[in-house]
Amino acid sequence: MGSRRTSIFENGLIWFGAGVSLAEILTGTYFASLGFSTGLLAIIIGHIIGCGMMFFAGFIGGKTRKSAMETVKMSFGSTGALLFAVLNILQLVGWTAIMIYDGSLAAAGIFNIANWVWPVIIGGLIIIWILVGIENLGKINTVAMAALFILTLVLSFIIFGHGSLKPVANDGLTFGAAVELAVAMPLSWLPLISDYTREAKEPTKATWASVIVYGLVSCWMYVIGMGISIFTGESDIAQIMVKAGLGIAGLLIIVFSTVTTTFLDAWSAGISSESLSKNINGKWIAVAATVIGMIGAIVYPMDDITDFLYLIGSVFAPMIAVQIADFFILHQDFSRKSVCIQNMLVWVVGFITYRWLMGVDTILGNTLPDMVITIVLSVIVSLLFGKKND
């Protein structure tokens, strides 16, 4: 979808925008029942795990100069990878709808208008971002990210500088479940990050910059969300902004954070669609994904996304585990095969294992144990059946 190489700074800006997200703030509110110090520890551990996996995914794409779904062909074959491309497009359209819904709901809390207007405004801005293109967003992103950075600093000061500890009811969230919720957000970017690192002038450095910036900002958003519940006793971020006198400024945070994050989802839906057929124009698929997301945000309520996050984890955690085993350990490439049966079977086992682990409370959540099991299984299967780069 473009040819100009992006700089390390531009990649950092892209992932800063991905991290500044209402969905991450709202997910952070779930951690309040653990208390601030325990909740913070769960957030940090979860992001170390999730961002570690995100780095491996981005590194593969950067080194091979392939999009995320093109790298999947290296492990699952040219036809086998289509399954993941379709699943990725579906989850990205889902994310687009969820993000527009969250942004519209929060914006309406500050400036209430007809329920279809904010989805159309936010969706329209995302489409403008798409039409400008990832290669030409440098100056626009610099201005938008500078404004978001300042406004989120102000929001943090309001929450932590003027609030006081409030009692929070124990909702039964365990430490392990909290870690998994922290893993879930960076994990949801696994099928996307290569779409951006492949365009970088210095892919390895750009991958480090992307993951570190995203990880720090995402942790910050989670902490803001947790702080909202613990220090203000509120659960509605829009009302906190209104009470703090951040009317217009708060509205800008909501709208532009939604646009900069959701743009990546819609854009990658377009890139993933190009792996289905050479005749597909990814930019217009990205626009279509945004329009579908707008309609979904208007029609369907999407207040609880935890099941959606776990579904993403169960699909893409074992997928990237197989890729890690193939690229870093086994050094094998199945992209010339139609379907790599052995890796598809390993993925199925990994998927089932993840769903089973959801019923087991481990201190490190589900993702890390599932990925370790899947990687080990990949190596064992390769040793049994031999390495074949057909």
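See above for the structure.
Okay, so let's go over this structure. Values in this document were obtained by computation on a predicted structure and should not be read as measured data.

## Regarding the packing of aromatic side chains
Applying the stated rule across the entire model yields 16 aromatic pairs. Here phenylalanine 31 and tyrosine 222 contribute two aromatic rings whose centre-to-centre distance is 5.5 Å and whose plane-to-plane angle is 80 degrees, an arrangement assigned as edge-to-face. With phenylalanine 31 in the loop between helix H2 (22–28) and helix H3 (36–64) and tyrosine 222 in helix H10 (residues 203–232), this pair connects stretches of sequence that are 191 residues apart. Within the aromatic cluster, the residues linked to one another by ring pairs are Phe55, Phe56, Phe59, Trp208, Phe327 and Phe328.

## Looking at helix H1 (residues 8–19)
For H1, spanning twelve residues, the distance from its first C-alpha to its last is 17 Å, which sits close to the expected 16 Å at 1.5 Å a residue. Here H1 lies mainly inside the structure; ten of its twelve residues are buried. Taken residue by residue, H1 has Glu10, Asn11, Gly12, Leu13, Ile14, Trp15, Phe16, Gly17, Ala18 and Gly19 as its buried positions.

## Some details on the nonpolar core
Core analysis: the biggest nonpolar cluster contains 114 residues, and Trp15, Phe31 and Trp95 have the highest contact counts within it. A per-element tally of this core places helix H5 (residues 80–110) first, with 14 residues. Other than its neighbours up to four places away in sequence, phenylalanine 31 contacts Gly39, Ala42, Ile43, Leu173, Ala178, Leu181, Ala182, Tyr222 and Met226.

## Quick word on helix H16 (residues 367–385)
The terminal C-alpha atoms of H16, which comprises 19 residues, lie 26 Å apart, in line with the 27 Å expected from a rise of 1.5 Å per residue. Of the residues making up H16, those classed as buried are Thr367, Asp370, Met371, Thr374, Ile375, Ser378, Val381 and Ser382. Down the axis, H16 shows its buried residues gathered within 130 degrees of arc, on one side only. Residues of H16 that are exposed and point more than 90 degrees away from the buried face comprise Leu383 and Leu384. Looking at the buried residues of H16, the elements they touch are H3, helix H8 (175–188), helix H14 (306–330) and helix H15 (341–357).

What counts and how
Residues numbered from 1 in each chain as written. Predicted model: local features only at pLDDT ≥ 70, side-chain atom pairs only at ≥ 80, totals over all residues. Heavy atoms only, no water. Phe/Tyr/Trp six-rings, centres within 6.5 Å; stacked < 30°, edge-to-face > 60°. Helix = DSSP H or I, 4+ residues; strand = E, 2+ residues; numbered from the N terminus. Expected span 1.5 Å × (residues − 1). Buried < 20%, exposed > 50% of the residue type's maximum accessible area, 1.4 Å probe, protein only. Core = buried A, V, L, I, M, F, W, Y, C linked by side-chain atoms within 4.5 Å. Contact = heavy atoms within 4.5 Å. Arc of directions from axis to C-beta.

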